[in-house]
Amino acid sequence: FFISSVKGARYRIAAAHDADIGLNAVQSYVLQENAHFVLNVQTTNAGNKYGELVLDKELDREEQQELELLLTAVDGGSPQRSGTVVIHVTVLDANDNAPVFSESVYTANLQENSPINSPVIRVSASDADEGINGEITYEFSRLSEKSKKLFSLDEKTGEIVVTANIDYEEGSKYELMVEAKDGYGLSSEAKVVIDITDVNDNAPEIIVKSLSSSIPENAPPGTEVGIINVQDRDSDKNGQVSCSIQGNAPFKLLSSPYTINELCLVVWHFC
Ligand SMILES: [Ca+2]
Ligand SMILES: [Ca+2]
Ligand SMILES: [Ca+2]
Ligand SMILES: [Ca+2]
């Protein structure tokens, strides 16, 4: 028997042969107690008895791939005679398992400006079914246009690699949803979180916002001469800027009381 079925399914067993007739012929069948099948004995119009195996508790190939049942046919003669057969049952696979990811959330760190094809992370799912029922392919689901340009996913290996320049200043974190599908379309999802690490790839920029073209010679120390805006697109230490005036000029830079990125150029002392 090859079985792939739901509870209540019936499998007819060929009638046992008994050369005798009447009471001396087969009177009953007995099925050895087992976890999945019960026996249902039917009588044909001609009065012959045959057995039916009725699936009482569903089979799971992932739990048990084969089982053996002992069926005994008993006649009504005296002495009573019986014959026993072993019924081998092979359980066929049904696609009853979706792929399962090894993690529900994968996290990866990636340095900005990593070269094209740099590996980011490999996702992996398994499927308990066999053959095409358990064959997994990977793909992105609900991917933003931006992420689509930056990353690709190998549908066979689950490896995510870089496909374009990653700029921390454009985006410091990406969340991608990946899907694992088996051969018949059962699927599951996992999330991949990619944190981009900043690299010091931007020089500070100095913008003179205002500057007095002339200053009276008796201007007192502290007189504001100009406002300078200083910016560095990098983060943390990579974006911290220190400014100084070269040479021996009678000016000083003070941090602006109003804006974090601004400095005031003030008169300090005339020699
Ligand atoms: Ca299965
Ligand atoms: Ca499956
Ligand atoms: Ca940077
Ligand atoms: Ca910088």
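Please read all numbers here as calculations on a predicted model, not as lab measurements.

The rules behind the values
Residues numbered from 1 in each chain as written. Chains lettered and ligands numbered in written order. Predicted model: local features only at pLDDT ≥ 70, side-chain atom pairs only at ≥ 80, totals over all residues. Heavy atoms only, no water. Pairing = 2+ DSSP bridges. Helix = DSSP H or I, 4+ residues; strand = E, 2+ residues; numbered from the N terminus. UniProt positions renumbered as here; feature names shortened; annotations may be inferred. Axes fitted to C-alpha atoms, helices over the stretch in contact; angles between N-to-C directions. Donors = N, O, S within 2.8 Å, 3.2 Å for Na, K, Ca; no water. Tetrahedral: all angles 85-135°; square planar, octahedral: opposite > 155°, others 65-115°.

Trainee: Any chance you could break down the pairing of strand β18 (residues 224–231) for me, citing the residues and the numbers?
Mentor: The side chains of a regular strand alternate, residue by residue, between the two faces of the sheet. Of the strand pairs in this sheet, strand β17 (residues 205–211) and β18 are connected by six bridges, and their pairing is antiparallel. Bridge assignment links Val208 to a residue of β18, and that residue is Ile228. Sheet topology note: the β18/strand β20 (residues 262–267) ladder contains five bridges and is antiparallel. By the bridge assignment for β20, Glu224 is matched with Val266.

Trainee: Give me the UniProt feature "domain: Cadherin" (unreviewed entry) in the chain: which residues, what numbers.
Mentor: UniProt tags residues 16–101 and 102–206 as "domain: Cadherin" (unreviewed entry). Measuring from the first to the last C-alpha atom of residues 16–101 gives 50 Å, for a span that is 0% helix and 49% strand. Across residues 102–206, the secondary structure splits into 6% helix and 45% strand, with the terminal C-alpha atoms separated by 49 Å.

Trainee: Go over the sheet that holds β20 with me, naming the residues and quoting the values.
Mentor: Within the open sheet, the four strands sit side by side as β17-β18-β20-β19. Their pairing is antiparallel. Each of the sheet's edge strands pairs with one partner strand only, and the pair in question is β17 and β19 (251–255). In this sheet, adjacent strand axes meet at a mean angle of 30 degrees when their direction is disregarded.

Trainee: I'd love a proper account of the coordination of the calcium ion (ligand 4), names of residues and values included.
Mentor: Think of it this way: four donors in a tetrahedron around the metal ideally sit 109.5 degrees apart, and six in an octahedron ideally sit 90 or 180 degrees apart. Ligation of the calcium ion (ligand 4) by protein atoms is provided by Asn200 (OD1), Asn202 (O), Asp232 (OD), Asp232 (OD), Asp234 (OD) and Asn238 (O), these donors lying 2.2 to 2.6 Å from the ion. Relative to the metal, the six donor atoms surrounding the calcium ion (ligand 4) lie at angles of 51 to 169 degrees, and the coordination shape comes out irregular. Ordering the donors of the calcium ion (ligand 4) by residue number gives the pattern N-x1-N-x29-D-x1-D-x3-N. A residue pair is termed long-range when its members are at least 10 positions apart, and Asn202 in the loop between β16 (187–197) and β17 and Asp232 in the loop between β18 and β19 qualify at 30 residues.

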